[in-house]
Amino acid sequence: MIQTRSLSVRIGDQPIVDRVDLDLPLGTITGLVGESGSGKSMTALAIIGLLPHHAMASGQVLLDGHDILPLPESLRCRLRGKRIGMIFQEPMTALNPLMTIGDQVAETLLIHSGIDRAEALAQARDQLNRVGLPAPRFPLDLYPHQLSGGQRQRVAIALAIALRPDLLIADEPTTALDVTTQAQILDLLHKLVRDEGMAMLLITHDLAVVAGHADQVAVMQAGKIVETGPTEAVFRTQKHAYTRQLFAASRHVPSLIRSDDPQPLMQAHNVVREYSLPHGGDILRAVDGVSLTIHRGESLGLVGESGSGKSTLTRALLGLDPLQGGQITLDGRPVTAGRSMPRDLRARMQVVFQDPFGSFNPRWRVDRLIAEPFHLTGYPPDWRNRVAAALEQVELRPDDARKYIHEFSGGQRQRIAIARALITRPQLIVLDEAVSALDVRVRAQVLNLLTDLRKTHGMAYLFISHDLSVVRGISERVLVMKSGRIVEDGPPEQVMDAPRDPYTRQLVAATPRIPADWFPDPA
Amino acid sequence: MLRYLFRRILSLGLSLLVASALIFSVVELVPGDPASFMLGTGAQPETVAALREQMGLDQPLPIRYASWLGTILQGDFGTSFTYKTPVAGMILDRIQVSLPLAIMALLLATAIAFPIGLYAASHRGRAGDVAVMGGTQLGIALPNFWFAMLLVLIFAVKLRWFPAGGFPGWSQPLAALKALLLPAIALALPQAAILARVLRSALIETQGQDYIRTARAKGLTERQTLHRHALRNALIPVLTILGMQFSFLLAGAIIIENVFYLPGLGRLIFQAITQRDLIVVQSAVLVLVAAVIAVTFIVDLAYAIIDPRLRKT
Amino acid sequence: MILGAALAGLALLAAALSWFWTPFDVTQMAIADKLQGPTVVHWFGTDHFGRDILSMVMVGARTSIAVALVAVGIGMGIGVPLGLIAASHRGRWLDEVIMRGNDLIFAFPSLVSAILFAAVFGPSALNAIIAIGIFNIPVFARVTRAAALPIWTLDYIRAAEVAGKGTTLISLQHVLPNITNLLIVQGTIQFSLGILAEAGLSYVGLGAQPPTPSWGRMLAEAQTMVTLAPHVAIIPGLCIVLTVLGLNLLGDGLRDMLDPRLKAMR
């Protein structure tokens, strides 16, 4: 069994992890939840002994009662992979691209036990079978690039558990994966912990994932564990104020307003988007005959997993790519790619992207960034006042206009992105995963802001996300996309509670949820 | 893999074709026409006319290019205007000095650079790294021909360990190697400095990748990750530089040959320039450029051997 | 970095000063004073014609720096726009054509093109500039394209497209300003490589012609009497090494200073 006692990590004078006590008994899953920057990952890296060079750990990490923190590096290497294993968030880059998956799994066995390569490969075969990559379909000499993200994460799991460690640390193991793949990987991890009697430390920002899989939970804020206990009890009582805030934000639903204008604003008819794949020359039909209508003032949700074609469809709707078939109209006028689309028409739709860091040219000041869409309409003489007004609408200060983007937090940047989208007073704003990168509490604030803005301005939203639960809160109607087609179209309650399409049913079932009766009654 | 190979071979052929056309047309830019240029201003009109006919200058440009290319493909580079001997034979003689020199320098540079790069990367930020990298800064700033002069001054003139110049021919292999050693060192050292720096930064870059963290979580020591995972991945950028360096080494060899009075391609070219022997210059430049293109091709193949992602389809 | 700037600055200063004043006239020969070691009058000694080496080194700095600077200018002026165009047409035929053209020019090291030009037009400093400049074009085109490609995937480019901006405007307003740091660093590197290349070319007689002093030719002339008077060969060589070293250190320093990733870590 592994325990930490007063485990602290500091970088320079900055405390990152502050006196953390964790008990990780064999056969149990411990969820460690918190927002980004709370010190979750640093805690895990301190336990396994892989902290960055400039970070200093103190306190104790006890393995069967012996403190392993002061051990020299050579001895810690012998524990890593053998007694403590770890998997990481990003499966696409977690494996060596130049080494076969068999060798990568066998390497764990080779360096810790005196067996030869043939024996190690034979055992690697067994491990890969166990994680759901069975023999004929997944030979040992595959390279990582021949596998999908979920399959790569299975390889990473296989090499982490090859020597049946006492503790498996899983740092956001499914955050980069699609919902359906996430469910499969979590089930696999769950089963392995039960079968092997390992301890698992499951680090996640997602309370619903913890609710579904962890036996006990620790809530972390600013380097400290603020609350810990059996999962259901913590969720039901929510003793600490921070825990309550997290829960409130995660199930936050802004009060939805209904649009009552049934006139169509944007219409797509049998839209087809194809492109040829690099190297292969094959044609990929990413959007395959999609028809949809967005009404004036409507808030429409579009849900799909990666590869569903929703990003390609979004680019087509924004008039960034030419169509191979079908037609898109905005206000009855055709949407076409590039300069052939009239500027005044383009000005009627704007967009907010996912990445709060990549959405702004770092060398421009905020006023110039927000005013960029005026390129379509011509800069009005009072454009600086308009920028100031837009900043106020998104609850920032007018004098923020003279700052550069790096001076703002992720949530503030999304507000600036919204201000930029508002500046030409468009009739449609496309929100492309606009809150996906934000922590739950900030996400709730941005969703509130979006709802308020629609109330005052009356524009339509197209809200695109991979996450059904987020779309549910902000949309009057939800479309589900799969393999380039729209497979479901209806009000969110119906899509979530009584899906008609088999894929939607699968998606809904895979979406992690906190059991409704776990929440304390609102008093 | 086959598709990749096919594409590479196609681009190799195309590059050679366009390069030859470029070289051919630059020579056409000569003031006046090539025949009178080569003969100089004092030449008799009859001689010029004879040379014109011999070179086929009365025919239109594309046809001359095609026939020039045709004869080259048969291994015939024409006849030197000054020496009246076949250019192909002259180049073949001279390349027996230049090519071994460039290859020796490349091997030396690699042999010096890899231990240094690995050492610096594994001691990153420590005194050893700083000292070694300071040394490479100096190495990069060294003009190879000046370095060669210093080597001659020390090892040939003062210590008399090596000949100061000249080449005994390959009939005496040991003496020939000895004659090439100082020039090879002069060529190799500045290149080794560049290579060591590239290797170090490529290793440090790969050491920061996620899969290195995975390997560390398996229980590999930092040293083991460096040798088992980082090195192979770092080879990809290093290979690019290695390929480029060969062209610098070949060019550098031409200069260094002057310091050591080696009868290589370089000496031939400079004599030909002063003698206005366009046929020799043209052919020699073509051979040099073709060598560079061929090395690029070999580097491309090596990529595919290292990187399985390129082998698909 | 400071050392680098100081060394590079010294070379520039010497070059600039040589326009107005040198200790001696570089064309003035004094056979009686030939091959003197460093003295109070001739700080760096004299060469085989009795010319003052310090003066020649100063004027030589002017030649080297001018050649390298113009060559970098040619490389940047043509290479950067090419790289920007290639990046904005990434994956399409124009990109392919530009990059294959680059690969081709890359097969002509500056020495090889200088040989070709010298054979056709006769050797001159202008040939050296053009040969080095041409070789710089694909270097800058590649660096520009490689740096611009990841920027094209960022969402602020999407936002600019939604704001109706075309590829040219986006390349100028969004891409170029975000890669200037890198181009400045590459410019310093190419500048120092240009000085080395110029020295090599004039050493073999393909660069600046007599009587213009240049570091490379001083070395070529010194070679025959290197045993008699080593300082004649050592001093111009040291000038090259120190200038190039200074520029490289300056480039490294600039990269560390301008790289936002490194800045964020501090």
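Fair warning: this is a prediction, and the values are worked out from it, not measured in the lab. (Residues numbered from 1 in each chain as written. Chains lettered and ligands numbered in written order. Predicted model: local features only at pLDDT ≥ 70, side-chain atom pairs only at ≥ 80, totals over all residues. Heavy atoms only, no water.)

Asker: What exactly am I supposed to notice about the overall build of chain A here?
Answerer: Of regular secondary structure, chain A possesses 19 helices and 20 strands. Along the three orthogonal principal directions, the C-alpha set of chain A runs to about 70 × 50 × 45 Å. The long-range fraction of contacts in chain A, counting pairs at least 24 apart against all pairs at least 6 apart in sequence, stands at 67%. Accessible surface, chain A: about 21,200 Å² in total, of which carbon and sulfur atoms supply 50%. Here chain A contributes 57 positive and 58 negative side-chain charges, whose respective centroids are spaced 4 Å apart. (Helix = DSSP H or I, 4+ residues; strand = E, 2+ residues; numbered from the N terminus. Contact = heavy atoms within 4.5 Å. Areas by Shrake-Rupley, 256 points an atom, 1.4 Å probe, with all protein chains shown as cover. Lys, Arg positive; Asp, Glu negative; His and termini not counted. Charge placed at Lys NZ, Arg CZ, Asp CG, Glu CD.)

Asker: Help me out: how do you make sense of the confidence of the model for chain C in this one?
Answerer: Residue and element names in this part refer to chain C. Per-residue confidence for chain C gives a mean pLDDT of 80; residues scoring 70 or more make up 80%. The secondary structure element of chain C with the lowest average pLDDT is helix α10 (residues 260–265), at 44, and the one with the highest is helix α6 (residues 155–162), at 91. For this predicted complex, the interface confidence comes out at an ipTM of 0.84, alongside a pTM of 0.84. (pLDDT = per-residue confidence, 0-100.)

Asker: I'm lost on the sheet that holds strand β20 (residues 485–490) of chain A in this one. Help?
Answerer: Residue and element names in this part refer to chain A. In space, the 6 strands of this open sheet follow the order β16-β17-β18-β13-β19-β20, with mixed pairing throughout. Either end of the sheet is taken by a strand with one partner, and the two such strands are β16 (349–352) and β20. Going across the sheet, the axis of each strand differs from the next one's by a mean of 20°, ignoring polarity. With 4 bridges joining them, strand β13 (residues 299–303) and strand β19 (residues 477–482) adopt parallel strand pairing. By the bridge assignment, Leu-300 is partnered in β19 with Arg-477. Each of β13, β16, β17 (428–432), β18 (460–465) and β19 is contacted by helix α10 (residues 310–317), which is oriented at about 155° to β18, the strand it contacts most. Taken strand by strand, helix α19 (residues 502–510) contacts β13, β19 and β20, and its axis lies near 105° from that of β19. (Pairing = 2+ DSSP bridges. Axes fitted to C-alpha atoms, helices over the stretch in contact; angles between N-to-C directions.)

Asker: What should I look at first to understand a nonpolar patch on the surface in this one?
Answerer: Together, Leu14(B), Leu17(B), Val18(B) and Leu22(B) give the surface a local cluster of nonpolar side chains, amounting to about 340 Å² of exposed area. With respect to the element layout, Leu14(B) can be found in helix α1 (residues 2–28). (Patch = residues over 30% accessible without salt bridge, like charges linked within 9 Å, V, L, I, M, F, W, Y side chains within 5 Å. Salt bridge = Lys/Arg side-chain N within 4 Å of Asp/Glu carboxyl O.)

Asker: Sorry if this is basic, but what is going on with the packing of helix α15 (residues 410–422) of chain A against helix α16 (residues 440–457) of chain A here?
Answerer: Geometrically, a packed helix pair is captured by the angle between its two axes and the distance between the axes. All names here are of chain A. Between α15 and α16, the shortest axis-to-axis distance is 10 Å and the interhelical angle comes to 20°. Considering the angle they form, α15 stands roughly parallel to α16. Where α15 crosses over α16, the handedness of that crossing is right-handed. Counting all contacts with α15, which are made through Gly-411, Arg-415, Ile-418 and Leu-422, the residues of α16 involved are Val-442, Gln-445, Val-446, Leu-449, Leu-450, Leu-453 and His-457. (Parallel < 35°, antiparallel > 145°, perpendicular 65-115°, else oblique. Left-handed = near helix turned anticlockwise from the far one by under 90°.)

Asker: Quick question: what am I supposed to make of the packing of helix α5 (residues 87–122) of chain B against helix α6 (residues 127–141) of chain B here?
Answerer: Residues and elements named next belong to chain B. The geometry of α5 relative to α6 is characterised by a closest axis approach of 8 Å and an angle of 140° between their N-to-C directions. With respect to each other, α5 and α6 are oriented oblique. Judged by the twist between their axes, the crossing of α5 over α6 is left-handed. Contacts between α5 and α6 involve Ile-116, Tyr-119 and Ala-120 on the former and, on the latter, Gly-128, Asp-129, Val-132 and Met-133. Class assignment for the residues of the contact of α5 with α6 results in 5 nonpolar, 1 polar and 1 charged. (Nonpolar A, V, L, I, M, F, W, Y, C, P; charged D, E, K, R; others polar.)

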